[in-house]
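# Results of the structural survey
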Amino acid sequence: MRFNRASTRQLCGLFSAAAFALTFSGCANKTVGTSPGGDGSSASSPIVIGEFASMTGAQATFGSSTDKGVQLAAAEINKAGGIDGHQVAIHLENDEGQPDAAATGVKKLITEDKAIAILGEVASKNSIAAAPFCNSNRVPMISPSSTNPKVTQTGPYIFRVCFIDPFQGTVAAKFVTGTLKAKTAAILYDKTSDYSNGLQDFFQKAFVAQGGKVLLVRTYQAGDPDFRSSLTTIKAANPDILYVPGYYNEVGTIARQARQLGITAPLVGGDGWESPKLIEGAGGPGGALEGCYFTDHSALDERDPVVKKFVESYKAANGGQSPDALTGQGYDAAGVLFAAIKAAGKPDGGDYNSDAFRAKLRDAIAATAGYKGATGDITLDADRNAKKAAVVLQIKGSNYKNVIATFQP
Amino acid sequence: MHDLPQQILIGLQLGSIYALIALGYTMVYGVLKLINFAHGDVYMVGAYAGIGAAWLLGTWLPSVVHLPPLIPSPLGAVLVLLASMVICGLLGLIIEQAAYRPLRTRAWIAPALFLGAAVGYVAYGIATNANRTPVSAIIIGIVAWAGLAALLYTTQRRRSPGSGSRLTALITAIGVSLFLENFGVLPQIFSSDPRFFPNDPPIARLAPNVETGLIFTVSLVLMIALTYIVTRTRIGKAIRAVSFDSDAAALMGINTDRVIAFTFALGAALAGAAGVLVFGLQHTKFDPYVGILYGLKAFVAAVLGGIGNIPGAVLGGLIMGLAETLVVAYGPNIGIDSTYRDAVAFFLLILILLFRPAGLLGKFAPEKV
């Protein structure tokens, strides 16, 4: 009896061990573009680029949109023979939209995967969480679309290929005072988000500078289910516009509850609205966000040949789906990085992951000027931010990309 | 302050949701002296059950439930509500059978069945992810299942019934809660991407106060039904007896295990209803972690009113809802940011417990040594 029992337990232990082994093999990294059989000689070994993105979680479309752009850029350069005969391998870490997971993911990419450069993130708080490790390890990081100024202030190794929020907030303020003739505004922003905090601050300053009056400012926390209490006080104040610099998930609910309470003022937001799920959250096409506006990176105007080529190859690779601005940002972030790796030349001794090469790479990224990207011409300034135009988009029906105005930097 | 009536209505509605969830905490505590921390997650599952029911009904009975305009079809809305209550009731039963009963008795079949099914499913999922063939993945799943069953059988047979302490049950409850959340996050189950109930474009079908009133009314009807069950039926009498003294009740011939199972199902059904009411009518997003904060608030509401006391849970819920809403509405005028809504709710708990340690309606019973 005793022996039997023991053996049963041993058996169970074995099973659970087997299950764990499977767990780990199941979680292996998604790697694309590794050169065929290229794990032998160093001459053809791939150049490893780390990417961290919110592939799941509250901002899942940010990650998946950006990643599609990065993957497309990697596939294109690999098809064209790679960089100096080396294929590019993108190692992707999913941070689930959590800053602590972003920091851990980037640590893994740098220390274990030996990534020579990092691409990511969209949400500023995740970029801010990951940037210090990249900077202190002297691994260049390019954020495709984090707009909070603090991201690149981390240090000389942190770059971005998008505009920053002082500009975006000013654009929004100029648009609502100029085009919408708004004299008063109410602001409802996410207090737990660096992006939302920063953008509302810059908007408020610019709006007041343009002669507008901010009637009241209310806050929420990502994940709040109910905004009606704040919206009821906003309705009583009766502003000309309601500025909601949040992420797409909350914006849909806010818009719906605002309309229900009878707030007719247009909602205005920033690039955090950019998501294929934006309209679904507001109750579908023609729903609560109908006619509302937001500032964004690019509308991917196909009259530009560079954009046209990008859109066509994206559609070919993704079953006819159209890319969004964040996909374009991801594509451009990867494109700028690849161009800089080429510009940095061959590393001495052939090691792309040496401190010396990464320092050269950093300088090459910093020198990026007039790069023809899908989201516009990219020139990085002394603060490692891109000087780019912003567009104001209006939501009409199922299309949220109707360009109303373009603002040059 | 002229929007005060509107704010109070919003507060009462939020409070009635807290109350519905708090009832489950308080009833289970009554019969088992267990704080069922998995209860908030049952509420989360209720939202998913509702969206699933809406989808199924919309697919199978499109004439009854016009899927996009879910709410304007009253019959469809009621069916979705009932479906979610039934599914959550069953989930409550499963949780009790699989997780808590084995701690009190020598039961091993039910936990092996349900936990093993979950473990087997995860093993199967991992195996398919690791590019095993379907047949070998199924075999791995079944082997994992059988392994767990064997483990439970050997351990459960050797223990004496009733040896599990209340602390063990509490930790198990936290485990069940974490299990539901993280199981839900799996891409094959709910995935961590937020979801919404389907809704039609003309969003203002229901005027805001009608919607708020509807949530409040449905909650009230459910609470009255619960009061009827507890005070006027045989099983209700049994629940009260077990709650009063479970050993004495057992000696009087009451099947306490059955009463406990029924209590779990009843509480879980109310949580399921709350899930559909909040997310179906308010059209807010939800994800597998949405139950954490609601569950915590409802638990606080139950303690506030006096845990174990049914009217107390309702009172506690309403107080919490009102306090939170008033903080968001008028706090900013006096320098309290609206993000302090949770802090104020919990501060209220500390304050009330200082003066009434057993809660507002709870009876303070010193432990006899």
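Remember, predicted model here, so these are calculated numbers, not experimental data. (Residues numbered from 1 in each chain as written. Chains lettered and ligands numbered in written order. Predicted model: local features only at pLDDT ≥ 70, side-chain atom pairs only at ≥ 80, totals over all residues. Heavy atoms only, no water.)

## Considering the confidence of the model for chain B
Residues and elements named next belong to chain B. A residue-level look at chain B finds 90% of positions with pLDDT of 70 or above and a mean pLDDT of 84. Here helix H4 (residues 109–129) stands out as the least confident element of chain B, with mean pLDDT 79; helix H8 (residues 234–244) is the most confident, with 93. For the stretch residues 63–72, pLDDT sits under 50, and the model shows 30 contacts to residues farther than four places along the chain or on other chains. Every residue in residues 200–204 scores below 50 in pLDDT, and together they form 14 contacts with partners more than four places removed in sequence or on other chains. The ipTM assigned to the predicted complex is 0.78, against a pTM of 0.81. (pLDDT = per-residue confidence, 0-100. Helix = DSSP H or I, 4+ residues; strand = E, 2+ residues; numbered from the N terminus. Contact = heavy atoms within 4.5 Å.)

## Details of the environment of proline 111 of chain B
Residues and elements named next belong to chain B. Following the sequence through the fold, proline 111 ends up in helix H4. Note: C-alpha distance between proline 111 and tyrosine 153 (42 residues apart in sequence) is 9.9 Å. Setting aside residues no more than four positions away along its own chain, proline 111 makes contact with Gln97, Ala98, Pro102, Gly116 and Leu152.

## Details of the interface of chain A and chain B
Counting residues at the interface gives 45 residues for chain A and 45 residues for chain B. Note on chain A versus chain B: buried area summed over both sides is about 4000 Å², and carbon and sulfur give 55% of it. Where chain A meets chain B, there are 2 salt bridges. Note that lysine 285 of chain B and glutamate 250 of chain A form a salt bridge whose closest N and O atoms lie 3.0 Å from each other. (Buried area = accessible area lost by both parts, 1.4 Å probe. Salt bridge = Lys/Arg side-chain N within 4 Å of Asp/Glu carboxyl O.)

## Observations concerning the sheet that holds strand S14 (residues 390–396) of chain A
Residue and element names in this part refer to chain A. Reading across the sheet, the 7 strands line up as S8-S7-S9-S10-S11-S14-S15 and stay open at both edges, with mixed pairing between neighbours. Pairing within the sheet leaves two strands with one partner each, and these edge strands are strand S8 (213–220) and strand S15 (399–407). The mean inter-strand angle of the sheet, taken between neighbouring strand axes irrespective of direction, is 25°. With 3 bridges joining them, strand S7 (residues 184–190) and strand S9 (residues 241–243) adopt parallel strand pairing. When the bridges of S9 are listed, alanine 185 appears paired with isoleucine 241. Here helix H8 (residues 228–237) sits on the sheet and contacts S7, S8 and S9; the angle it forms with S8, its principal contact strand, is near 175°. (Pairing = 2+ DSSP bridges. Axes fitted to C-alpha atoms, helices over the stretch in contact; angles between N-to-C directions.)

## So, helix H9 (residues 248–260) of chain A
All names here are of chain A. With 13 residues, H9 should reach 18 Å at 1.5 Å per residue; the first-to-last C-alpha distance of 19 Å fits that figure. Of all 13 residues in H9, 13 are buried; the element is thus mostly enclosed. Positioned one or two residues after H9, glycine 262 has a phi angle of 95°, which is positive. (Expected span 1.5 Å × (residues − 1). Buried < 20%, exposed > 50% of the residue type's maximum accessible area, 1.4 Å probe, protein only.)

## Remarks on the pattern of salt bridges
Counted according to the given criterion, the structure contains 19 salt bridges over all chains. In this structure, aspartate 226 of chain A and arginine 228 of chain A form a salt bridge, with 3.0 Å as the shortest nitrogen-oxygen distance. The pair formed by aspartate 226 of chain A and arginine 228 of chain A is uniform in burial state, with each residue classed as buried. Ionic contacts of the salt-bridge type, sharing partners, join the residues Glu96, Arg101, Arg104 and Asp257 of chain B into one network.

## A few points about unusual backbone geometry
Residue and element names in this part refer to chain A. The omega torsion across glycine 120 and glutamate 121 is 0°, close enough to zero to call that bond cis. Within the secondary structure, glutamate 121 is located in the loop between strand S4 (117–119) and helix H4 (124–136). Phi at glutamate 96 takes a positive value of approximately 55°, unusual for a residue other than glycine. Counting through the fold element by element, glutamate 96 comes out in the loop between strand S3 (88–94) and helix H3 (99–111). Here glutamate 96 falls in the partly exposed class, since its relative accessible area comes to 42%. One non-glycine residue, lysine 114, lies in the positive phi region at around 60°. Here lysine 114 is to be found in the loop between H3 and S4.

## With respect to the environment of phenylalanine 279 of chain B
All names here are of chain B. Within the secondary structure, phenylalanine 279 is located in helix H10 (residues 256–282). On the basis of relative accessibility, which here comes to 0%, the residue phenylalanine 279 falls in the buried class. Put simply, phenylalanine 279 and isoleucine 51 are 228 residues apart on the chain and 9.1 Å apart in space, counted from C-alpha to C-alpha. Ignoring anything within four residues of it in the chain, the contact list for phenylalanine 279 reads Tyr43, Ala47, Phe197, Thr284, Lys285, Phe286 and Val290.

## A look at the domain arrangement of chain B
All names here are of chain B. One can read the domain layout of chain B as domain 1 (10–100 + 168–194 + 208–355) and domain 2 (106–158). Spacing between the C-alpha centres of domain 1 and domain 2 amounts to 30 Å. Taken together, the 8 residues of domain 1 in the interface contact 8 residues of domain 2. Summing both sides of the interface, domain 1 and domain 2 together bury roughly 660 Å²; the carbon and sulfur share of this comes to 78%. Taken as a group, Gln97, Ala98 and Gln188 account for 53% of the area that domain 1 buries against domain 2, more than any other trio of residues on that side. The interface formed by domain 1 and domain 2 includes 0 salt bridges. (Domains from an automatic or database assignment.)

## Focus on the packing of helix H1 (residues 4–32) of chain B against helix H11 (residues 290–305) of chain B
Two quantities define a packed helix pair, namely the angle between the helix axes and the distance between the axes. Residues and elements named next belong to chain B. One way to put it is that H1 packs onto H11 with a least axis distance of 8 Å and a crossing angle of 70°. Accordingly, the angle class assigned to the pair H1 and H11 is roughly perpendicular. Contacts between H1 and H11 involve Ile17, Tyr18, Ile21, Ala22, Tyr25 and Thr26 from the former and Tyr294, Gly295, Leu296, Lys297, Ala298, Phe299, Ala301 and Ala302 from the latter. Per-class residue counts for the contact of H1 with H11 are 11 nonpolar, 2 polar and 1 charged. (Parallel < 35°, antiparallel > 145°, perpendicular 65-115°, else oblique. Nonpolar A, V, L, I, M, F, W, Y, C, P; charged D, E, K, R; others polar.)

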